[in-house]
Amino acid sequence: MALNSIGLNTEKTKELANDLNTLLANFQIYYQNLRGIHWNIKGKRFFDLHVKFEELYTDANVKVDEIAERILTLGVTPLHTFEDYTNAAKVPVGKNISQDEKAVNLIVESLTELLKIERAILDKSDDADDEGTNSMMSDFITEQEKTVWMMKAWLGETV
């Protein structure tokens, strides 16, 4: 078993980095969705949602950078073109969404897809003894589960 310079199995690391690239692509779509609903939201809840969506896209932007840096730490080049992002996208693309409930549902649907990807990476990173990726995924999952709960509560739904 070949180890890289940070002590991880080279083959498992390459696979994890590829999965992180899929997550990166999907986070970029999620981020752009958040920008779009932030810009286009209308209605009586505009002021509250406009601020919330900005908070979410700011957080997503930070996570995009963290994911890309983790990919680089694992020795692989992060995806960085819109073509790559759309080809790897599992997160739904929201276009011209200005209605509050549609916007919040888009967030829930997007986070649901991101959580699936993150849980799969969490399993693989555990198997590869990759604590850095494991910790990152664990933190993302905890935060995003809470956001899903809050968005579902706003919609008057349960998780």
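Residues numbered from 1 in each chain as written. Predicted model: local features only at pLDDT ≥ 70, side-chain atom pairs only at ≥ 80, totals over all residues. Heavy atoms only, no water.

Helices and strands together make up the secondary structure of the chain, namely 5 helices and 0 strands. The order of α-helices and β-strands along the chain, N terminus first, is α-α-α-α-α. Against the 2.2 N^0.38 benchmark of 15 Å for 159 residues, the chain shows a C-alpha radius of gyration of 17 Å, consistent with a compact globule. Counting every position in the chain, which comprises 159 residues, the buried fraction comes to 44%. (Helix = DSSP H or I, 4+ residues; strand = E, 2+ residues; numbered from the N terminus. Rg over C-alpha atoms; globule rule 2.2 N^0.38 Å. Buried < 20%, exposed > 50% of the residue type's maximum accessible area, 1.4 Å probe, protein only.)

Our focus in this paragraph is the pattern of salt bridges. Using the criterion set out here, one finds 11 salt bridges in the structure. Residue R119 pairs with E145 through a salt bridge whose shortest N-O separation is 2.3 Å. On the criterion of sequence distance, the pair formed by R119 in helix α4 (residues 100–127) and E145 in helix α5 (residues 131–154) is long-range, its members being 26 residues apart. For E145, a relative accessible area of 38% gives the class partly exposed. Between K152 and E157 there is a salt bridge, with its nearest N and O atoms 2.9 Å apart. Given the relative accessible area of 17%, K152 is considered buried. (Salt bridge = Lys/Arg side-chain N within 4 Å of Asp/Glu carboxyl O.)

Take helix α2 (residues 46–73) next. Here α2 is 28 residues long and its end C-alpha atoms lie 40 Å apart, about the 40 Å a rise of 1.5 Å per residue gives. The set of residues buried in α2 consists of L49, F53, L56, Y57, A60, K63, V64, I67, A68, R70 and I71. The inward-facing, buried residues of α2 abut α1 (10–40), α4 and α5. Of the residues flanking the end of α2, it is G75, one or two places downstream, whose phi is positive at about 90 degrees. (Expected span 1.5 Å × (residues − 1). Contact = heavy atoms within 4.5 Å.)

So, about the nonpolar core. Residues L23, F27, Y30, F53, I67 and I107 are the most contacted members of the largest nonpolar core, which totals 46 residues. At the level of secondary structure, the elements contributing two or more residues to this core comprise α1, α2, α4 and α5. Counting residues per element, this core draws most heavily on α1, at 12 residues. Not counting chain neighbours up to four residues away, the residues in contact with F27 comprise A60, K63, V64, I67, L114, E118, F140 and Q144. (Core = buried A, V, L, I, M, F, W, Y, C linked by side-chain atoms within 4.5 Å.)

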